[in-house]
Amino acid sequence: MIAGFSKLSQQEKIDYLIKERGLSHHATELLINHHHPELQETYNQFSENTISNFYLPLGIAPNFVINSKWYDLPMVTEESSVVAAAAKAAKFWSERGGFKTKVISTLKKGQLFFKADWSFYELSTLLPQIEDKLKQSVAELTTSMEKRGGGIRDIDLDQIELKTGTTYALDVYFETADAMGANFINSCLEKMGDSLHHLLQIHNPNKSVEIIMAILSNYTPDCLVECTVTCSLDELKPYAADFSAREFANRFKHAVDIATRNTSRAVTHNKGIMNGIDAVIIATGNDFRAIEAGAHAYASRNGKYASLSQAEIKDDIFSFSLCLPLAVGTIGGLTSIHPMAKIALEILGNPSAKDLMQIAAASGLANNFSAVAALVTSGIQKGHMKMHLSNILQTLGAEQDEIEQAENYFKDKQVSHSLVKAFIKSLRN
Ligand code: MEV
């Protein structure tokens, strides 16, 4: 065990790994090569105990038309086919009216948990009397947020029955304008905790009060966005492969309906949505764990985990829509300090948080559309295998003419590393 690892310099940390973990010379060189020549200090700040950087590609899915506005989406993902699938669906829908999106709500909730010798009834009766004082206690934090159109919108009381007795939650609802607002919400809640303690003690010094914790909630069902694409059945033909457009639409709807009823399928279906959403969320410096947690909780809101998207066919019109919570920010946090996040936001025309909710939702629906379309036609492996082949060819250092010959040869054959290697070897001989 080592004490004081964090105090070591970056080189000393690497030396420690060489000594204790037998890090090879090659690995050491790679770690150093992945340092940024000018901005390493900036990158170091994002986390702790940094020894290098871990690259992920930043790609562009062009041609997204969202509410008649044209975007090129920056996407960061380690999964091949995700950007290509988004780009393909974006182009397809751009010729069919584009993505129609709407922000339904933008409230975020923070929770102040406390124990008290007060009944729920007593506390609920007192709350309207002390609400203003609670808000005033955080005025120095909320004033500038109010100037940007945000602030505290509502305060509610909830009770949680535990084996050890009743615990209360003061649910505080916030608007955070273009900021994700995590720090703002947490600071307000912590300060409000002191104030709540004080106010309850003033009202009845004989009743004990204990603040347990204060934290924002990543369950954000009041920060919702929806996104829809619509076209006539005939217009689906380019995705229908060997099926008629109508057959394709029916198969597509069938697949989505399965995800509305079967949890195992719903999780994978929603993962396909999150492929598109996370890639935009990461590119723009937002917290993808928060987005994931909130989205999956929302998918379970009716007591059973289900698909976040729905497909409809009515009067020969196909529509496909997605509704989910996306609590994002476009100012503050990593969005303003990660050089790549800043560029990603610039590529998107420096959107507001509401714009970004809609852009990310469109990306999610695009990926979901491509994935389900592939699943109900050629299957998912065909596209994946093409990417797989290209990755293998790259690791084998294949030249352009070798790549072309391999692509042609493996068009209708099983792809594996050993088969591709043997093929390239035969070409080189
Ligand atoms: C793979 O990353 C995503 C899919 O599994 C999504 C789906 O099954 O709908 C293809």
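Looking at an unreviewed UniProt entry, one finds the protein chain named 3-hydroxy-3-methylglutaryl coenzyme A reductase and attributed to Plebeiibacterium marinum. Per UniProt, the comment on the protein chain under Catalytic activity (unreviewed entry) is "(R)-mevalonate + 2 NAD(+) + CoA = (3S)-3-hydroxy-3-methylglutaryl-CoA + 2 NADH + 2 H(+)". Check the Pathway (unreviewed entry) section of the UniProt entry for the protein chain; it says "Metabolic intermediate metabolism; (R)-mevalonate degradation; (S)-3-hydroxy-3-methylglutaryl-CoA from (R)-mevalonate: step 1/1."

*Asks:* Can you lay out the overall build of the protein chain for me, pointing to particular residues and giving the numbers?
*Replies:* Broken down by element type, the protein chain carries 16 helices and 10 strands. Seen along its three principal axes, the alpha-carbon backbone of the protein chain occupies a region of about 90 × 70 × 45 Å. Expressed as a percentage of the 429 residues in the protein chain, the buried residues total 44%. For the protein chain, the accessible surface area stands at approximately 22,300 Å², while carbon and sulfur atoms represent 53% of it. Looking at charge distribution, the protein chain has the averaged site of its 41 positive side-chain charges lying 4 Å from that of its 48 negative ones.

*Asks:* Can you explain the pattern of salt bridges? Please cite residues and give values.
*Replies:* Pairing between side chains of opposite charge can happen when the charged atoms of each approach one another. Counting across every chain of the model gives 13 salt bridges. We note a salt bridge from D257 to K253, for which the minimum N-O separation is 3.0 Å. One end of the pair, D257, and the other, K253, are both in helix α8 (residues 245-261), four residues apart, so they sit about a helical turn from each other. Between R428 and E402 there is a salt bridge, with its nearest N and O atoms 2.8 Å apart. On the criterion of sequence distance, the pair formed by R428 in helix α16 (residues 417-428) and E402 in helix α15 (residues 400-409) is long-range, its members being 26 residues apart. Its relative accessible area of 9% is what places E402 among the buried residues. Among the charged side chains, a salt-bridge network with shared partners connects K91, E95 and R96.

*Asks:* How would you sum up the site of the ligand? Please name residues and give values.
*Replies:* In the neighbourhood of the ligand, the contacting residues comprise E79, R265, T268, H269, K271, G272, N275, A371, L375 and I380. Between an oxygen atom of the ligand and a side-chain N or O atom of E79, the distance comes to 2.5 Å. A distance of 2.7 Å separates an oxygen atom of the ligand from a polar side-chain atom of R265. In isolation the ligand exposes 300 Å². Once the protein is present, 86% of that is buried. Elements supplying a minimum of two residues to the shell around the ligand: α9 (263-283) and α13 (353-375). With six residues, the top contributor of residues to the shell around the ligand is α9.

*Asks:* Would you mind going over a nonpolar patch on the surface in detail, with residue names and values included?
*Replies:* Where nonpolar side chains cluster on the molecular surface, the patch consists of L58, I60, M340, I343 and I347 and spans about 380 Å² of accessible area. Where the nonpolar patch is concerned, the elements lending two or more residues are β1 (58-66) and α12 (339-347). With three residues, the single largest contributor to the nonpolar patch is α12. As for its position among the elements, I60 is in strand β1.

*Asks:* Describe a negative patch on the surface, and please don't skip the residues or the numbers.
*Replies:* Together, E399, D401, E404 and E407 make up a region of like negative charge exposed at the surface. As for its placement among the helices and strands, D401 is situated in helix α15. Of the residues examined, D401 reaches a relative accessible area of 46% and is grouped as partly exposed.

Rules used in this analysis
Residues numbered from 1 in each chain as written. Predicted model: local features only at pLDDT ≥ 70, side-chain atom pairs only at ≥ 80, totals over all residues. Heavy atoms only, no water. UniProt positions renumbered as here; feature names shortened; annotations may be inferred. Helix = DSSP H or I, 4+ residues; strand = E, 2+ residues; numbered from the N terminus. Buried < 20%, exposed > 50% of the residue type's maximum accessible area, 1.4 Å probe, protein only. Areas by Shrake-Rupley, 256 points an atom, 1.4 Å probe, with all protein chains shown as cover. Lys, Arg positive; Asp, Glu negative; His and termini not counted. Charge placed at Lys NZ, Arg CZ, Asp CG, Glu CD. Salt bridge = Lys/Arg side-chain N within 4 Å of Asp/Glu carboxyl O. Near = heavy atom within 4 Å. Polar contact = N/O pair within 3.5 Å; in protein donor to acceptor, adjacent residues only side chain to side chain. Patch = residues over 30% accessible without salt bridge, like charges linked within 9 Å, V, L, I, M, F, W, Y side chains within 5 Å.

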